[in-house]
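Spelled out from the first residue to the last, the chains are:
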Amino acid sequence: MPIERCGAGRVPSPAPAAHPARTPPAARGNARESSPYTPPMPIHVSKLRCGTTLLVEPMPSVRSLAFSWLVPGASADDPANRLGRGAMWAELLMRGTRSLDSRAHADAVDRLGASRLVDNGVYFLRLASTMLGNRMREVLPLFTEMALAPRFDADSIEPARDLCLQAIASLA
């Protein structure tokens, strides 16, 4: 499965906003700090051909890589007669892909030393992972398939629904 289905078309990067932690100590009025100021790397913004915005913040001092895909369609988009749909989708996405069942998918991600997370928010469903940077080309296709070809087995629906109901019951 190709890593990128959209392709990148470069768009100009906006100037990064000032952030207190990224402002030199003298400019923050704290000239006594002894650590030297290191300006941040610029955040690169690209627009993929499919319309997705890609933000990249290089950090040369680390070997790890983390990504989060924010997919519209979380709780705020649940129809009134289907409240909880986004939470069930998040659970079902963790239950495998068209080519790998839940265990095989989890094992493949684990073998690469990566983490996997699917989280249902208010506005976005988030797929995320953290790994060593040199593992990205191996990990990204696993998440691409998770997003584009989820398994959604009929026998997974009731267990996913039960977990969602248990989460609601735990709030009472």
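Read on for a plain summary of the structure. These numbers come from a predicted model, not from an experiment.

This part takes up the pairing of strand 2 (residues 44-48). Along a regular strand, successive side chains alternate from one face of the sheet to the other. Relative to strand 3 (residues 53-56), strand 2 runs antiparallel, the two being bridged by four bridges. By the bridge assignment, His-44 is partnered in strand 3 with Val-56. Joining the antiparallel neighbours strand 2 and strand 3 is a turn of four residues, in which Gly-51 adopts a positive phi near 100 degrees.

The nonpolar side chains of soluble globular proteins are, as a tendency, buried together. Ranked by size, the top nonpolar core spans 17 residues in total, and within it Phe-67, Leu-93, Val-118, Leu-127, Val-139, Phe-143 and Met-146 carry the most contacts. Going through the elements one at a time, helix 1 (85-93), helix 2 (102-111), strand 6 (124-132) and helix 3 (136-148) are the ones with two or more residues in this core. Contact partners of Leu-93, with chain neighbours within four places excluded, come to Val-118, Leu-125, Leu-127, Met-146, Pro-150 and Phe-152.

Our focus in this paragraph is helix 4 (residues 154-169). For helix 4, with 16 residues, the first-to-last C-alpha span of 24 Å sits near the 22 Å given by 1.5 Å per residue. Every buried residue belonging to helix 4 is among Ser-156, Ala-160 and Cys-164, and all of these are buried. Viewed along the axis of helix 4, the buried residues span an arc of 70 degrees, placing them on a single side of the element. Opposite the packed face of helix 4, turned more than 90 degrees from it, sit the exposed residues Asp-155, Gln-166 and Ala-169. Each element contacted by the buried residues of helix 4 is listed here: helix 1.

All right, on to the sheet that holds strand 6 then. Strands sit in the order 4-6-5 across an open sheet of three strands; the sheet is antiparallel. Strands with a single pairing partner mark the edges of an open sheet, and in this sheet they are strand 4 (64-72) and strand 5 (117-120). Strand-to-strand twist in this sheet, taken as the mean axis angle between neighbours without regard to direction, amounts to 20 degrees. Sheet topology note: the strand 4/strand 6 ladder contains nine bridges and is antiparallel. Bridge pairing in strand 6 places Pro-72 opposite Phe-124. The strands touched by helix 1 within the sheet are strand 5 and strand 6, with strand 5 carrying the most contacts at an inclination of about 175 degrees. Most of the contacts of helix 3 go to strand 6, to which it runs at about 160 degrees, and overall it touches strand 4, strand 5 and strand 6.

We now examine the pattern of salt bridges. In the structure shown here, the tally under the stated rule is five salt bridges. Asp-78 is paired through a salt bridge with Arg-85; the nearest N and O atoms lie 3.7 Å apart. Residue classification places Asp-78 among the buried positions, given a relative accessible area of 11%. You can call Arg-85 partly exposed: its relative accessible area is 23%. For Arg-151, the salt bridge goes to Asp-153, with nearest N and O atoms at 3.7 Å. Assessed through its relative accessible area of 28%, Asp-153 is described here as partly exposed.

Cut-offs applied
- Throughout, residues of each chain are indexed from 1 in the direction in which the sequence is written.
- It should be noted that, the model being predicted, local features are given only for residues of pLDDT at least 70 and side-chain atom pairs only at 80 or more, the latter also being counted only at that level, while totals for whole chains, interfaces and linings use all residues.
- Where side-chain values are given, they derive from all heavy atoms of the structure, hydrogens and water being excluded.
- A pair of strands is labelled paired if DSSP reports no fewer than 2 bridges between them.
- In DSSP terms, a helix is any run of H or I states spanning at least four residues, a strand is any run of E spanning at least two, and both are numbered starting from the N terminus.
- Among the buried residues, those of types Ala, Val, Leu, Ile, Met, Phe, Trp, Tyr and Cys that are joined through side-chain atoms within 4.5 Å form a nonpolar core.
- Each residue gets one of three labels from its accessible area relative to the maximum for its type: buried under 20%, exposed over 50%, partly exposed in between, using a 1.4 Å probe on protein chains only.
- Here, residues are in contact when the closest pair of their heavy atoms is within 4.5 Å.
- Here the expected span of a helix is defined as 1.5 Å times the quantity of residues minus one.
- The arc in question is formed by the directions pointing from the helix axis toward the C-beta atoms.
- Axis definition: a line fitted to C-alpha atoms, over the contacting stretch in the case of helices. Angles run 0 to 180 degrees between N-to-C directions.
- Salt bridge criterion: a side-chain nitrogen from Lys or Arg within 4 Å of a carboxyl oxygen from Asp or Glu.

In short, the description is geometric, and any link to function would need to be established separately.
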